[in-house]
Structure formats: C-alpha cells, structure tokens
Amino acid sequence: MFTGIVEELGEIVRTTDTGGDSALVAVRGPLVTSDARHGDSIAVNGVCLTVVDVDGGIFTADVMGETLRRTALGALRPGDPVNLERAAALNSRLGGHLVQGHVDGVGEVLSREPAAQWETVRFRLPAGLARYVVEKGSITVDGISLTVAEVGDDWFSVGLIPTTLKLTTLGARGVGDPVNLEVDVLAKYVERLLGDRAAGGDR
C-alpha cells in the first residue's frame with residue numbers, strides 16, 4: 001500500500017528482456033534503496049514492483065508482460081525519470097490517499113495551461129474509468145496522489161503546484177504522453193456493494 005506522495009525522482013538505468021514477454025528493470029533511486037531489501041515493494045510511476053536486488057543505489061525488479069501491456073512502463077527507456085515511493089509504514093502519516101499500486105488504465109496528457117503559481121493539466125480517461133472519478137475526489141497519476149479539479153465523460157483535470165511540477169515527472173510531461181492512472185479503490189468497493197444490493201445479493 002502507498003500514499004501517492006512521491007519520495008524521489010529516480011531514473012531508469014536499463015531494461016533487460018528476460019523472455020516470455022517479461023523484463024528485468026533497473027532503477028536508480030538512492031533514497032528509496034537506502035533501506036530496501038529483497039522482496040520489498042516500491043512504486044515506479046504508480047506501479048507496485050517487487051525488489052529483486054539492490055546494488056549501489058540501484059534496484060532491479062521483474063516486470064511481467066501483463067504489467068508492460070496494461071501500464072506505461074513498457075514505453076520507458078534508459079535515462080527516463082520516474083516517480084518513486086516506498087510502501088507506506090503503518091505508523092506513517094497518510095499524506096495523500098490509499099494507493100494500491102495497481103494501475104487501472106493508461107491515460108494521456110491532453111493539454112497544459114500555465115498560470116502564475118500553478119498549472120492546470122487535463123488528461124484523457126480510458127473508457128470505463130470515468131464513473132470512478134469525481135470532482136474534488138482523489139486520483140493517482142503516475143504514482144502521484146492528486147485532487148480532481150474537473151471531470152468530463154472522457155477526461156479530467158488537476159491543478160499542479162510548483163512543488164509537484166519540480167519534484168515529479170508531471171513537470172515535463174507533454175501533450176500526448178501516456179500516464180498511469182489508478183482510481184480511488186473506495187469508489188470500486190462502493191460500486192460493488194451497491195451493485196450487489198440492487199441485485200438482491202447478500203455478499
């Protein structure tokens with residue numbers, strides 16, 4: 001479990017094809033590797049990955065073909081920056097919202113509108129995700145916990161403060177760039193419970 005508060009802007013070091021539609025990804029992140037061990041979870045652009053090895057500030061993780069197909073990780077190349085966050089500890093503050101690191105779909109940057117102290121960015125929503133996104137609700141974009149400013153049938157927008165623009169990948173994302181999206185898991189649970197009730201189920 002994560003909170004969507006990016007700890008470090010890391011970098012893809014290399015991606016090695018391991019056969020069978022999978023890959024071994026090496027990521028540089030001195031902060032998140034400072035206490036990382038084999039088996040720990042680290043979110044990379046919002047995707048929960050399991051640490052295989054740590055060496056000199058670089059960790060490696062296996063990425064399955066399913067993950068490469070359903071997220072934007074497959075488009076990353078050596079040198080690309082990535083948002084990194086270690087799994088939340090039970091005694092830590094919940095600065096963002098509950099984030100699983102399970103990407104629901106890949107969106108796309110539609111537009112950017114700079115202002116004096118912030119920037120409004122609009123993203124395309126994949127079909128089927130709009131029902132989980134509400135104005136002033138939470139959404140995770142490339143692992144960043146953000147508050148929805150506006151939402152349409154197939155898009156939503158957020159306001160980015162200078163800190164977010166400077167310390168995460170969203171500062172450099174251009175129109176057309178893909179982003180990993182994770183909707184609020186509470187919305188999905190509510191939908192399931194209400195659906196069961198409407199159908200007369202008692203699960």
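We now turn to the structure provided with this report. (Residues numbered from 1 in each chain as written. Predicted model: local features only at pLDDT ≥ 70, side-chain atom pairs only at ≥ 80, totals over all residues. Heavy atoms only, no water.)

### What to know about the overall build of the protein chain
Next up, step 1: A count of helices and strands for the protein chain gives 3 helices and 12 strands.
Next up, step 2: Dimensions of the protein chain along its principal axes, counting C-alpha atoms only, are 50 × 50 × 35 Å.
Next up, step 3: Within the protein chain, the proportion of its 203 residues that are buried is 41%.
Next up, step 4: Partitioning the intrachain contacts of the protein chain with sequence separation of at least 6 by distance along the chain shows that 69% fall at a separation of at least 24.
Next up, step 5: Carbon and sulfur atoms form 52% of the exposed surface of the protein chain, whose accessible area is close to 10,800 Å².
Next up, step 6: Each charge class in the protein chain can be summarised by its mean position, and for the 19 positive and 28 negative side chains these summaries are 2 Å apart. (Helix = DSSP H or I, 4+ residues; strand = E, 2+ residues; numbered from the N terminus. Buried < 20%, exposed > 50% of the residue type's maximum accessible area, 1.4 Å probe, protein only. Contact = heavy atoms within 4.5 Å. Areas by Shrake-Rupley, 256 points an atom, 1.4 Å probe, with all protein chains shown as cover. Lys, Arg positive; Asp, Glu negative; His and termini not counted. Charge placed at Lys NZ, Arg CZ, Asp CG, Glu CD.)

### Comments concerning the sheet that holds strand β7 (residues 105-114)
Two orientations exist for strands paired in a sheet by backbone hydrogen bonds: parallel and antiparallel.
Next up, step 1: Spatial ordering of the closed barrel is given by β7-β8-β11-β10-β9-β12, a layout of 6 strands whose pairing is antiparallel. Strand-to-strand, the axes of this sheet are offset by a mean angle of 45°, without reference to chain direction.
Next up, step 2: Direction of pairing for strand β9 (residues 138-141) relative to strand β10 (residues 144-151): antiparallel, over a ladder of 4 bridges. The residue of β10 that forms the bridge with Thr-140 is Ser-145. (Pairing = 2+ DSSP bridges. Axes fitted to C-alpha atoms, helices over the stretch in contact; angles between N-to-C directions.)

### What to know about the side chain of Thr-140
Next up, step 1: Positionally, Thr-140 belongs in strand β9.
Next up, step 2: At 3.3 Å, the side chain of Thr-140 and the side chain of His-97 are in polar contact.
Next up, step 3: With residues up to four places along the chain from it excluded, the contact list for Thr-140 reads His-97, Val-99, Asn-180, Leu-181 and Glu-182. (Polar contact = N/O pair within 3.5 Å; in protein donor to acceptor, adjacent residues only side chain to side chain.)

### Observations regarding the side chain of Ser-145
Next up, step 1: Within the element layout of this structure, Ser-145 appears in strand β10.
Next up, step 2: Residue classification places Ser-145 among the buried residues on the basis of a relative accessible area of 19%.
Next up, step 3: A polar contact is formed between the side chain of Ser-145 and the side chain of His-97, at a distance of 2.7 Å.
Next up, step 4: Setting aside residues up to four positions removed in sequence, Ser-145 forms contacts with Thr-3, Gly-4, Gly-96, His-97 and Ile-139.

### Observations regarding the packing of aromatic side chains
Next up, step 1: Under the definition given, this model contains 1 aromatic pair.
Next up, step 2: With centroids separated by 5.2 Å and ring planes inclined at 25°, the aromatic side chains of Phe-123 and Phe-156 adopt a geometry described as stacked. With Phe-123 in strand β8 (residues 119-124) and Phe-156 in strand β11 (residues 155-160), the pair connects residues that are 33 residues apart, well separated along the chain.
Next up, step 3: By relative accessible area, which is 0% here, Phe-123 ends up buried.
Next up, step 4: Over the ring of Trp-155 we find Arg-122, and its NZ or CZ is 3.6 Å from the ring centre. (Phe/Tyr/Trp six-rings, centres within 6.5 Å; stacked < 30°, edge-to-face > 60°. Lys NZ or Arg CZ within 6 Å of the ring centre and 35° of its normal.)

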